[in-house]
Each structure stands twice: as structure tokens, then as C-alpha cells.
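Structure at a glance
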Amino acid sequence: MLLLTLTIEAVRSGRVAVAKSNKSNLARVRVCFKTPGLFPTSSARMERILLRCVPLLKLGYPRDRLWLLQTLSRRSFSSSRLNVPKSAVEVARPVGVCSMMRLPVQDSSQGLDAAFVGVPLDIGTSNRPGSRFGPRHIRAESAMVRAYNGGTKAAPFESLMVADIGDVNVNLYDLKDSCKMIRESFKKIVSTGCIPLIMGGDHTITYPILQTLAEKYGPVGLVHIDAHADTSDVVLGEKICHGTPFRRCVDEGLLDCKRVVQIGLRGSTYEPDGYIWGREQGFRVVTGQDCWLRSLAPLMKEVRQQMGDGPVYISFDIDGLDPAYAPGTGTPEIAGLQPSQALEIIQGCRGMKIIGCDLVEVSPPYDTSGNTALTAANLLFEMLCVLPNVKYY
């Protein structure tokens, strides 16, 4: 039986050295790390060490025993074909290109299972602007997000090929033209079979994105987390803005209205029942007050049944959270959801046929601490973790 002994030695040479000696059935490997005192603390890290040693061990090893080394490092070999965020254990967080989770950046979604993409548009907003800078701010704060989900044990980067594909171009002087540009860009993304994870931008952007997705999948189900219903018909004489996207989607038959749930709606309204129109269409409306002081896991069990096996889109307006947790947004409303409830909602979407997700309305000028963008980055990671075919430990 093969006995493999690793002697871990920390040195100051600045280089990793691997020395091999074979004697009978004993392989002794010395691995010198760049950083003094750095020792492997997990089986995954040990596998990465062994993976570096395997080519050298193979040189003098009997062929009938090589399968032991290959089996030992199988997971490392398979996962090395996928993009993995840079670890802060090896590369300092401020180092490198500012991409989502410090993932590789590429120009298109070709070859990807999922892609982070920004839509820096905020000329549809009705109150505080600034969400055009949301994608940049979210990317910067996402350096804190690591590759594995410690709560659910999801391992998206062992399952999916993921990258940051940059931003969609927009026309900051023409909202309707911007919608056209967004539509054309997402047609290309969707045509490759890639699932988009979108950073807004104001909520207007969801309308052209759903136009594209419905063209491919037909009417889609919607899990919508927000302080506002966004179902107004006309605002200041305009039919397209961040207060009207889901009204336009219903008008055009983009939504399967019996599979739409809106969670967290609250605040003052223009009518005694500000959500009556949605209910009349068949939407399930869960107000913010319905969510106070309770777990939303039971609700999400019902939502999973409501969504069935049809295509589902997740749209998360950051103002769905209480402004104590997410002050950096354009139209904040008090008494909102807690971050833990947001996690319950997104994690409760696991098992749905998710075809796309967005996180909108992060406005950096009002996010002086960065906490809003940090929360947004984590919620986008949670969305990635519930996509179809993600591996769980």
C-alpha cells in the first residue's frame, strides 16, 4: 500500500519547492510554502498541495499504483477546469482587477453556465439617483465574498463555469433607447445558454430583461422582493420607469401571473389598497407587515409549490430590506425585511428552474459605509448558489 508522507516546512525563500525521494513503496515529499506558518487546515487545501506534487511523484512511481494519486486528487483536477474566485489567503483583497468576487473577466457569455453582468442605468428613478454606479460598488465590496457557502454548503464554483462579463452599454440620455440596448445585449447572453446574474441599475432594467427571457422561455414565474409593487401604469406621463416594469410585463404577457409572488411590500401608498391591481392579476402579495418577526422558510415552501417546474426569475430590489441594513438606495421605506429573511427567501428558491436574477437599486452616494453594496454582493452570491445543478456538500 502506498504511504504518502508530507513534511510541511515554512521558509522565507519566496518560492515553493517540492523535493521527491522514492524508496520502495514510500514516497516522501517536502513542500515549502511561501508564507511562514501557513499550514493546510482542510482536506481541500491538502488536495491542492498533493495536486502540485502528483506530476513529480509520477516520474518514479509504478504504473499500477498511479490510480491512487489520481483518485486522491480527482476533485482538484475536476474543479481546476472551472473559474474559481481568488482566495484572500493567497492574494490580498485589494489586488487585481475589480470584478465580481474577483472572478475572471471575459467579453461574452460564451462557454459560461452563469455570468455576473452590470446594467448601470438610473435615469428611470423617481427619487434619489446614483444606482448607475451600483455595479462598480457591488463589485468592489464583493471582494469579501468567498467561494463556498458556509450556511448551505453550496459549492457553485465546483459546479458551474462562472465569470464577470462586464457591463451592458446604455444611453444615459434616452430611457427607451437604453431598454432597446439592454434587450439586444441580453439576447446574446441568453442565446448561449448562460444564466445572467444582474447588478443594477434601477428597476427599469428588469422590463427589457424579461422581454428577452420570455421570448426564449415563454411567460415566466417571478419571485419579486421589494418595498414597492412597481406596477404603476403611468408616472409623470411616462409608461417606462422604475415604478412601472411589472405593469408593462403583464401588458405584454411576459409573466405567468399565477406564478408571481411579491414579498416585502410596504410604506405609504397613493390609494387605500396600493396592491389591489397585482392581486387582481393573480399575484400573491406578501406585505412587509406580514413578514415582521417571523421566519420566511414556511412561506418559501409554499412559494416553491406555487412556482412548480416552470421557469422562474428572481428580482431583488435592495430597498426590500430595512434601511437600517441597506440605506444606500433611492426610495427607502422603514420597517423592511432583515438580511436573515432575505437569505431565507433566496435559499428557499433552491430547486426552482431559475433562468435569471437581478439585484437592483444600490445607490453608492447614499451608501457611505459600503454595507448596502456588501449586502447586495452577498445576496447575488446566494442567488448563484441556488441555480440549477449547483453542488452541495
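The sections below set out a description of the structure shown in this document. (Residues numbered from 1 in each chain as written. Predicted model: local features only at pLDDT ≥ 70, side-chain atom pairs only at ≥ 80, totals over all residues. Heavy atoms only, no water.)

1. Re the overall build of the chain
Each helix and strand in the chain was counted, giving 12 helices and 13 strands. Out of the 393 residues belonging to the chain, those deemed buried represent 52%. For the chain, the proportion of contacts with a sequence separation of at least 24, taken over those separated by at least 6, is 75%. Accessible area of the chain: about 18,200 Å², with a carbon and sulfur share of 52%. (Helix = DSSP H or I, 4+ residues; strand = E, 2+ residues; numbered from the N terminus. Buried < 20%, exposed > 50% of the residue type's maximum accessible area, 1.4 Å probe, protein only. Contact = heavy atoms within 4.5 Å. Areas by Shrake-Rupley, 256 points an atom, 1.4 Å probe, with all protein chains shown as cover.)

2. Thoughts on the pattern of salt bridges
Across all of its chains, the model carries 11 salt bridges by this definition. Put simply, arginine 139 and aspartate 167 hold a salt bridge, and the shortest N to O gap is 2.9 Å. You can see arginine 139 sitting in helix H4 (residues 134-141) and its partner aspartate 167 sitting in strand S6 (residues 162-167), a full 28 residues away along the chain. Residue classification places aspartate 167 among the partly exposed residues on the basis of a relative accessible area of 39%. For glutamate 215, the salt bridge identified is with lysine 187, shortest N-O distance 3.9 Å. Residue glutamate 215 is located in helix H6 (residues 206-217), and its partner lysine 187 is located in helix H5 (residues 175-191); the two are separated by 28 residues in the primary sequence. Three or more residues joined by partner-sharing salt bridges are found here, namely Asp233, Lys239, Arg248 and Asp251. (Salt bridge = Lys/Arg side-chain N within 4 Å of Asp/Glu carboxyl O.)

3. Quick notes on the side chain of histidine 203
Following the sequence through the fold, histidine 203 ends up in the loop between strand S7 (195-200) and H6. Apart from residues no more than four positions distant in its own chain, histidine 203 is found in contact with His224, Asp226, Asp230, His242, Pro245, Phe246, Ser315, Asp317, Asp358, Val360 and Glu361.

4. Overview of the sheet that holds S7
Pairing between the strands of a sheet is mediated by backbone hydrogen bonds and can be parallel or antiparallel. Pairing within the open sheet is parallel, and its 8 strands lie in the order S6-S4-S7-S12-S11-S8-S9-S10. Each edge of the open sheet carries a strand with a single partner, namely S6 and strand S10 (284-287). For this sheet, the mean angle separating the axes of adjacent strands, direction not counted, is 15°. Sheet analysis places strand S8 (residues 220-225) next to strand S9 (residues 255-265), joined by 5 bridges and oriented parallel. Pairing of valine 220 across the sheet is with leucine 255, part of S9. (Pairing = 2+ DSSP bridges. Axes fitted to C-alpha atoms, helices over the stretch in contact; angles between N-to-C directions.)

5. Some details on the packing of H5 against H6
Where H5 meets H6, the closest approach of the two axes is 8 Å, and the angle between their N-to-C directions is 40°. Put simply, H5 runs oblique to H6. Crossing of H5 over H6 shows right-handed handedness. In this structure, H5 uses Cys179, Ile182, Arg183, Phe186, Lys187 and Val190 to contact H6, whose residues at the interface are Pro208, Ile209, Gln211, Thr212, Leu213, Glu215 and Lys216. Per-class residue counts for the contact of H5 with H6 are 7 nonpolar, 2 polar and 4 charged. (Parallel < 35°, antiparallel > 145°, perpendicular 65-115°, else oblique. Left-handed = near helix turned anticlockwise from the far one by under 90°. Nonpolar A, V, L, I, M, F, W, Y, C, P; charged D, E, K, R; others polar.)

6. A short note on H5
An ideal rise of 1.5 Å per residue puts 24 Å on 17 residues; H5 measures up with 24 Å between its terminal C-alpha atoms. Taken residue by residue, H5 has Leu175, Ser178, Cys179, Met181, Ile182, Phe186, Ile189 and Val190 as its buried positions. End-on, the buried residues of H5 take up no more than an arc of 165°, which puts them together on one face. Exposed side of H5, more than 90 degrees from the buried face: Lys176, Lys188 and Ser191 are the residues found there. (Expected span 1.5 Å × (residues − 1). Arc of directions from axis to C-beta.)

7. Quick look at unusual backbone geometry
Across the junction of glycine 200 and glycine 201, the peptide omega takes the value 15°, indicating a cis bond. Locating glycine 201 in the fold gives a position in the loop between S7 and H6. Positive phi values are uncommon outside glycine, yet methionine 101 reaches one of about 60°. Relative to the assigned elements, methionine 101 resides in the loop between helix H3 (74-79) and strand S4 (114-119). Overall, the relative accessible area of 1% leaves methionine 101 in the buried class. Positive phi, normally seen in glycine, also occurs at glutamate 361, with a value near 75°. Tracing the sequence through the fold places glutamate 361 in the loop between strand S12 (353-360) and helix H12 (371-385). The buried category is assigned to glutamate 361, whose relative accessible area is 3%.

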